[in-house]
Amino acid sequence: MELSSLLRYCSFLIYNLSVYLFVYYLNIYNSWEIYKDWWLNDIKGNDTYDYIVVGAGSAGSVLASKLSEDGDKVLLIEAGGASPSLINVPIISPALQESIYDWRYVTTSQAHACKGLINNQSIWPRGKVFGGTSRLNYMIYARGHPDDFKEWFPDFQEFSLEESEIVSIEDLNWSTKLTEIMLKAVEELGYTVQNINKNSNTGFMKTKVFMKNGERWSSDRVLEKNKNNLFTINYAHVDKILFQSKKAVGVEFLKFGKMYKVFAKKGVILSAGAIGTPKILMLSGVGPKSHLDDLKIDVVSDLPVGQNLMDHIITGLDLVILNSSQPVSIIDVLSPLSAFQYFFHKKGLWSFNGIDVIGTFHSSLQNKSAAPDLELMVMPIGISQDNGFSWRKAMGISDKVFQEYFAPLTYKNVVTLAPVLLHPKSLGEIKLNSKNPRESPIINPKYLSNKEDVEILIEGILFVKQLLETEAMKMLGAHLYRKPFPGCEERTFDSNEYWECYVRHLTLTSYHPAGTSRMGSVVDESFRIYNTSNLFVVDASVFPILPSGNINAAVVMLAEKAAQLFQQRKRKKSNQLFAKCYVRNIFFLRS
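Residues numbered from 1 in each chain as written. Predicted model: local features only at pLDDT ≥ 70, side-chain atom pairs only at ≥ 80, totals over all residues. Heavy atoms only, no water.

## Structural notes on the state of the cysteines
Here is step 1 of the chain: Summed over all chains, the structure comprises 1 disulfide.
Here is step 2 of the chain: Paired by a disulfide, Cys488 and Cys501 hold their sulfur atoms 2.1 Å apart. Handedness of the Cys488-Cys501 disulfide follows from its S-S torsion of about -90 degrees: it is left-handed. With Cys488 in the loop between strand S22 (479-480) and helix H13 (496-505) and Cys501 in helix H13, the pair connects residues that are 13 residues apart, well separated along the chain. The exposure classification of Cys488 matches that of Cys501, with both residues buried.
Here is step 3 of the chain: Free cysteine: Cys114, not disulfide-bonded; nearest cysteine sulfur from Cys501 at 13 Å.
Here is step 4 of the chain: Judged by its relative accessible area of 0%, Cys114 is buried. (Disulfide = S-S within 2.5 Å. Helix = DSSP H or I, 4+ residues; strand = E, 2+ residues; numbered from the N terminus. Buried < 20%, exposed > 50% of the residue type's maximum accessible area, 1.4 Å probe, protein only.)

## Concerning the side chain of Thr410
Here is step 1 of the chain: Looking at the secondary structure, you find Thr410 in the loop between helix H10 (399-406) and strand S19 (414-421).
Here is step 2 of the chain: Among residues more than four places away in sequence, those in contact with Thr410 are Arg8, Phe12, Ser384, Gln385 and Asn387. (Contact = heavy atoms within 4.5 Å.)

## Brief notes about the packing of aromatic side chains
Here is step 1 of the chain: Evaluated as defined, the whole model comprises 44 aromatic pairs.
Here is step 2 of the chain: An aromatic cluster is present here, built from Phe402, Tyr405, Phe406, Tyr481, Phe485, Phe493, Tyr498, Trp499 and Tyr502 joined pairwise through their rings.
Here is step 3 of the chain: Looking at Lys128, its charged tip hangs above the ring of Trp103, at a distance of 4.6 Å from the centre. (Phe/Tyr/Trp six-rings, centres within 6.5 Å; stacked < 30°, edge-to-face > 60°. Lys NZ or Arg CZ within 6 Å of the ring centre and 35° of its normal.)

## Re the environment of Ala264
Here is step 1 of the chain: Mapped onto the elements of the fold, Ala264 is located in strand S12 (residues 258-270).
Here is step 2 of the chain: The exposure class of Ala264 is buried, given its relative accessible area of 8%.
Here is step 3 of the chain: Taking C-alpha positions, Ala264 is 20 Å from Asp524, a pair spaced 260 residues apart along the chain.
Here is step 4 of the chain: When sequence neighbours within four positions are dropped, the list of residues in contact with Ala264 reads Tyr49, Asp50, Tyr51, Ile52, Ala248, Val249 and Gly250.

## Looking at the pairing of S12
Here is step 1 of the chain: Relative to S12, strand S1 (residues 48-54) is paired through 6 bridges, and the arrangement is parallel. From the neighbouring strand, Val54 faces S12, where its bridge partner is Leu270.
Here is step 2 of the chain: Taken together, the 6 bridges between strand S11 (residues 247-255) and S12 define a ladder with antiparallel strand orientation. Of the residues in S12, the one forming a bridge with Glu252 is Lys261.
Here is step 3 of the chain: Across 3 bridges, S12 lies against strand S24 (residues 535-537) in parallel orientation. By the bridge assignment, Val268 is partnered in S24 with Leu535. (Pairing = 2+ DSSP bridges.)

## Thoughts on H10
Here is step 1 of the chain: Along H10, the residues that are buried comprise Val401, Phe402, Tyr405 and Phe406. The buried residues of H10 occupy one face: seen down the axis, they fall within an arc of 100 degrees.
Here is step 2 of the chain: Its buried side turned inward, H10 meets helix H9 (391-395) and H13. (Arc of directions from axis to C-beta.)

## Thoughts on a positive patch on the surface
Here is step 1 of the chain: On the surface, a cluster of positive charge is contributed by Lys240, Lys261, Lys296 and Lys435.
Here is step 2 of the chain: Examined against the element boundaries, Lys435 turns out to sit in the loop between strand S20 (429-431) and strand S21 (442-444). (Patch = residues over 30% accessible without salt bridge, like charges linked within 9 Å, V, L, I, M, F, W, Y side chains within 5 Å. Areas by Shrake-Rupley, 256 points an atom, 1.4 Å probe, with all protein chains shown as cover. Salt bridge = Lys/Arg side-chain N within 4 Å of Asp/Glu carboxyl O. Lys, Arg positive; Asp, Glu negative; His and termini not counted. Charge placed at Lys NZ, Arg CZ, Asp CG, Glu CD.)

## Section: the packing of helix H11 (residues 451-468) against H13
Here is step 1 of the chain: Interaxial distance between H11 and H13 falls to 9 Å at its minimum, and their mutual angle equals 105 degrees. Classified by the angle between their axes, H11 and H13 sit roughly perpendicular to one another. Of the residues in H13, those touching H11 at Lys451, Val454, Leu457, Ile458 and Ile461 are Asn496, Trp499, Glu500, Tyr502, Val503 and Arg504.
Here is step 2 of the chain: Of the residues contributing to the contact of H11 with H13, the split by class is 7 nonpolar, 1 polar and 3 charged. (Axes fitted to C-alpha atoms, helices over the stretch in contact; angles between N-to-C directions. Parallel < 35°, antiparallel > 145°, perpendicular 65-115°, else oblique. Nonpolar A, V, L, I, M, F, W, Y, C, P; charged D, E, K, R; others polar.)

## Concerning the pattern of salt bridges
Here is step 1 of the chain: Overall, the coordinates contain 24 salt bridges when judged by the stated rule.
Here is step 2 of the chain: When the shortest N-O distance is used, the salt bridge between Asp293 and Lys289 registers 2.7 Å. One end of the pair, Asp293, and the other, Lys289, are both in helix H6 (residues 289-294), 4 residues apart, so they sit about a helical turn from each other.
Here is step 3 of the chain: Relative accessible area serves as the criterion here: at 37%, Asp293 is assigned to the partly exposed category.
Here is step 4 of the chain: Look at Lys289 and you get partly exposed, because its relative accessible area is 42%.

## Regarding a nonpolar patch on the surface
Here is step 1 of the chain: Taken together, the side chains of Trp32, Ile34, Tyr35, Trp38, Trp39, Leu40 and Phe256 present a nonpolar region at the surface, about 810 Å² in accessible area.
Here is step 2 of the chain: Among the secondary structure elements, Ile34 is positioned in helix H1 (residues 3-39).
Here is step 3 of the chain: Accessibility expressed as a relative area gives 30% for Ile34, which makes it partly exposed.

## Observations concerning the side chain of Arg126
Here is step 1 of the chain: Mapping Arg126 onto the fold places it in the loop between strand S4 (123-124) and strand S5 (169-171).
Here is step 2 of the chain: One buried charged residue, Arg126, remains without a salt bridge, the closest side chain of opposite sign being Asp311 at 6.8 Å.
Here is step 3 of the chain: Residue contacts for Arg126: discarding those within four places in its chain leaves Tyr101, Asp102, Trp103, Tyr105, Thr133, Leu136, Ile275, Tyr511, His512 and Pro513.

## Some details on the pairing of strand S7 (residues 208-212)
Here is step 1 of the chain: In terms of burial, S7 is largely enclosed, as 4 of its 5 residues are buried.
Here is step 2 of the chain: The pairing of S5 with S7 spans 3 bridges and is antiparallel. Within S7, the position partnered with Asp171 by the bridge is Lys208.
Here is step 3 of the chain: Two strands pair when backbone bridges link them, and S7 and strand S8 (residues 215-216) are joined in this way by 2 bridges, in the antiparallel orientation.

## A short note on the environment of Lys225
Here is step 1 of the chain: Tracing the sequence through the fold places Lys225 in the loop between S8 and strand S9 (230-233).
Here is step 2 of the chain: For the pair Lys225 and Ile166, spaced 59 residues apart in the sequence, the C-alpha separation amounts to 9.4 Å.
Here is step 3 of the chain: Dropping the residues within four chain positions of it, Lys225 is found in contact with Glu69, Glu165 and Ile166.

## Concerning unusual backbone geometry
Here is step 1 of the chain: A positive phi angle, close to 70 degrees, is found at Met139, a residue other than glycine.
Here is step 2 of the chain: By the element assignment, Met139 lies in the loop between S4 and S5.
Here is step 3 of the chain: Note on Met139: relative accessible area 1%, which makes it buried.
Here is step 4 of the chain: One non-glycine residue with positive phi stands out, namely Tyr235, at about 55 degrees.

Right, dumping it as structure tokens:
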């Protein structure tokens with residue numbers, strides 16, 4: 001065995017052991033936190049607050065903090081708990097999926113997609129921790145295109161997070177040699193290199209991230225600012241909303257085997273995400289009448305909750321091989337120097353989120369004046385590079401597919417230029433399995449059920465092929481991995497039929513589910529659920545369409561917008577009360 005191969009093999013062993021010990025550490029830490037919370041648990045129940053916010057993720061944390069700063073008494077309920085500071089290290093993001101801080105959702109078997117995944121099912125990580133999925137994601141800051149919001153969030157430009165006091169956005173302070181090469185390559189093809197968050201919202205750029213001084217910035221950090229009016233309950237599972245007629249007056253939740261009720265004077269706000277929010281709503285009687293009748297759940301409001309499920313789809317993993325050295329490797333990750341640079345200077349490889357460049361562009365099927373329909377994510381490594389120990393398991397790649405297709409790349413220099421479908425025509429749904437709140441819901445995204453989605457993703461792959469023909473990429477000796485994907489051997493390689501088969505086999509989530517409490521169908525423009533009062537939804541489930549980019553920025557902006565609306569409503573009521581009191585006092589004086 002060559003020395004380089006021997007080093008890489010040894011690095012696999014050390015890496016696998018490190019991941020195992022890290023996951024074990026997370027389990028021990030979480031168990032200790034649960035024990036402490038159980039020991040100190042002083043919940044009496046039946047308390048009353050101004051607002052109850054369910055879910056401490058990207059939306060819930062920001063919204064609860066803003067409302068409490070404005071003087072309202074707010075209760076924030078989260079199913080998970082606190083996390084150790086070690087998970088703020090950006091490089092460890094992949095190890096957090098399938099961890100104790102992940103809900104570990106799995107979709108139903110897909111009829112038209114995911115054929116290279118175990119049981120044709122897609123694994124959907126969702127954060128079960130303070131900070132929600134902003135604790136698990138790859139931290140990318142991408143605002144989306146103005147056209148994504150003009151119909152339902154026309155003033156979104158006012159909520160630019162780069163000028164916000166509540167979040168921290170930074171440029172990556174470390175990236176690989178692939179960054180500058182990719183930016184030169186897209187320029188060769190006539191695309192603009194610019195900050196796509198501030199300019200035309202198309203083009204390519206070095207990744208911007210939710211980060212503070214080299215550490216992950218997650219939304220639960222805003223909870224540290226104001227604790228006077230903000231109360232939190234963790235490790236609590238909200239089972240249903242309490243109604244008086246159609247007015248939401250509180251919630252019922254389970255914690256450590258005991259049921260509690262808490263009440264809200266001004267509103268119950270669901271921020272449990274695109275999966276958790278529709279589940280709670282349907283368990284509470286807000287949802288499609290036919291579905292609720294089947295489960296013998298009393299209907300409060302007949303609404304299309306759980307419909308319009310959308311997700312960004314990604315493909316193209318490990319599709320490009322380099323004749324030059326690997327931009328980054330497992331050996332680099334495990335280097336003591338990398339650890340030293342991070343822990344003493346908060347710089348270096350460990351401050352890297354794993355994505356060098358992102359960009360958005362139009363396929364030939366999209367009007368160039370409209371929002372882009374494709375994104376490219378450039379990663380300097382492939383899932384084959386850890387020898388199948390961790391990354392492919394987190395994505396659900398089957399053993400057969402890994403061994404036949406990805407394993408031969410283990411000792412090669414591989415990068416991923418992955419096209420992402422931004423505006424899928426295929427829409428799925430979420431339903432309840434039963435009336436039992438402990439059961440996970442049925443998640444069916446119906447990936448690639450509309451063939452136009454396949455055609456757009458194929459154009460994304462053709463764009464990758466164009467990049468490989470640029471002088472910049474030729475300097476790396478970049479070329480296409482030409483081994484046929486398992487299940488597609490009968491198609492002529494590089495034909496449209498082959499790429500359709502490839503996309504339908506290697507169909508992966510970008511971890512951006514949304515739309516299941518759609519604005520205009522389930523909630524109005526003030527985030528209130530139709531045919532109810534005092535009940536609101538503020539999270540990605542209200543998106544009527546997906547943003548043209550990674551969605552965490554849009555979720556945080558949405559929470560800021562909602563907080564502003566709640567505050568304006570409060571001011572209006574105060575002014576009306578003042579006016580009534582003033583008129584009454586004047587009348588009294590005159591009498």
